[in-house]
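Listed below are the residues making up each chain.
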Amino acid sequence: MFNTYFTAPGYDLKEKNQVHSGNFEVLRLEGNLENKQTYSRPGCLGTSLYTLKVTDIDSYHQKVSNSEATEVTEIIVNEFAEKSFSFVAPDGYFWTLLQS
């Protein structure tokens, strides 16, 4: 397993109790691992789930619906009162787009 950790500007690695938005950790596993991509969706303890904020969600929904993406949901208002939709990208990863 390989680990790379990106920190937000001004983050002090010595202060473990700090909470900063923008920290990002990448884990890369090598070897023969069972494919768990079907678990990378809301409600699952998955291996990867990507979220992107966009300004014009209706335009993105139309573009994604006309692409090779699968399992494209309708635009809904989520539990945080944000317009959102989800889909599986052609590479198999699950994405959720939120109206910012």
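By the naming in an unreviewed UniProt entry, the chain is Lactoylglutathione lyase and related lyases, taken from Crocosphaera watsonii WH 0005.

S.K.: Quick question: what am I supposed to make of the overall build of the chain here?
M.R.: Looking only at helices and strands, the chain has one helix and six strands in total. Each helix and strand of the chain, ordered N terminal to C terminal, gives the series β-β-β-α-β-β-β. Per-residue burial for the chain yields a buried fraction of 21% across its 100 residues. Pairs at least 24 apart in sequence give 36% of the contacts found in the chain among residues at least 6 apart.

S.K.: When you look at the side chain of Ser84 in this model, what are you seeing that I'm missing?
M.R.: When you line up the elements, Ser84 lands in strand E5 (residues 83-88). Residue Ser84 is classed as buried on the basis of its relative accessible area of 6%. When near neighbours in sequence (up to four residues on either side) are disregarded, Ser84 contacts Ile57, Glu74, Ile75, Ile76, Asn78, Thr96, Leu97 and Leu98.

S.K.: Mind showing me how you'd approach the sheet that holds E5 here?
M.R.: The pairing of strands in a sheet happens through backbone hydrogen bonds and is either parallel or antiparallel. Taken in spatial order, the four strands make up an open sheet running E3-E6-E5-E4, and their pairing is mixed. With one partner strand each, in any of the chains shown, strand E3 (50-54) and strand E4 (76-77) form the two edges of the open sheet. For E5 and strand E6 (residues 94-99), the ladder comprises five bridges, and the chain directions are antiparallel. Among the inter-strand pairings, Ser86 is bridged to a residue of E6, identified as Thr96. Sitting on the sheet, helix H1 (residues 57-65) touches E3, E5 and E6, and the angle it makes with E5 is about 20 degrees.

S.K.: Just to check I follow, could you spell out the confidence of the model for the chain for this structure?
M.R.: Do not read the fine detail of predicted coordinates wherever pLDDT is low. Per-residue pLDDT for the chain has a mean of 81; in total, 76% of the residues score no lower than 70. Taken element by element, the predicted model of the chain shows its lowest mean pLDDT in strand E2 (residues 24-28) (74) and its highest in H1 (97).

S.K.: Sorry if this is basic, but what is going on with the pattern of salt bridges here?
M.R.: Pairing between side chains of opposite charge can happen when their charged atoms approach one another. Following the criterion strictly, the structure yields one salt bridge and no others. The residue Asp58 makes a salt bridge to Lys83 at a minimum N-O spacing of 3.7 Å. Residue Asp58 is found in helix H1, and its partner Lys83 is found in strand E5; the two are separated by 25 residues along the sequence.

S.K.: For this particular structure, what's the right way to read a nonpolar patch on the surface?
M.R.: Taken together, the side chains of Phe6, Phe24 and Val26 define a hydrophobic patch exposed on the protein surface, amounting to about 280 Å² of accessible area. In this fold, Phe24 is placed in strand E2. The partly exposed category is assigned to Phe24, whose relative accessible area is 49%.

S.K.: I tried to follow the side chain of Thr96 on my own but got confused; where do I start?
M.R.: On the secondary structure map, Thr96 appears in strand E6. Among the polar contacts listed, one links the side chain of Thr96 to the side chain of Ser86, at a separation of 2.9 Å.

S.K.: Which parts of the structure should I look at to understand the nonpolar core?
M.R.: What tends to happen in soluble globular proteins is that the nonpolar side chains get buried as a cluster. Of all hydrophobic cores here, the largest spans eight residues; its members are Val54, Ile57, Val64, Ala69, Phe85, Phe87, Ala89 and Leu97. Those elements giving two or more residues to this core turn out to be H1 and E5.

Rules used in this analysis
Residues numbered from 1 in each chain as written. Predicted model: local features only at pLDDT ≥ 70, side-chain atom pairs only at ≥ 80, totals over all residues. Heavy atoms only, no water. Helix = DSSP H or I, 4+ residues; strand = E, 2+ residues; numbered from the N terminus. Buried < 20%, exposed > 50% of the residue type's maximum accessible area, 1.4 Å probe, protein only. Contact = heavy atoms within 4.5 Å. Pairing = 2+ DSSP bridges. Axes fitted to C-alpha atoms, helices over the stretch in contact; angles between N-to-C directions. pLDDT = per-residue confidence, 0-100. Salt bridge = Lys/Arg side-chain N within 4 Å of Asp/Glu carboxyl O. Patch = residues over 30% accessible without salt bridge, like charges linked within 9 Å, V, L, I, M, F, W, Y side chains within 5 Å. Areas by Shrake-Rupley, 256 points an atom, 1.4 Å probe, with all protein chains shown as cover. Polar contact = N/O pair within 3.5 Å; in protein donor to acceptor, adjacent residues only side chain to side chain. Core = buried A, V, L, I, M, F, W, Y, C linked by side-chain atoms within 4.5 Å.

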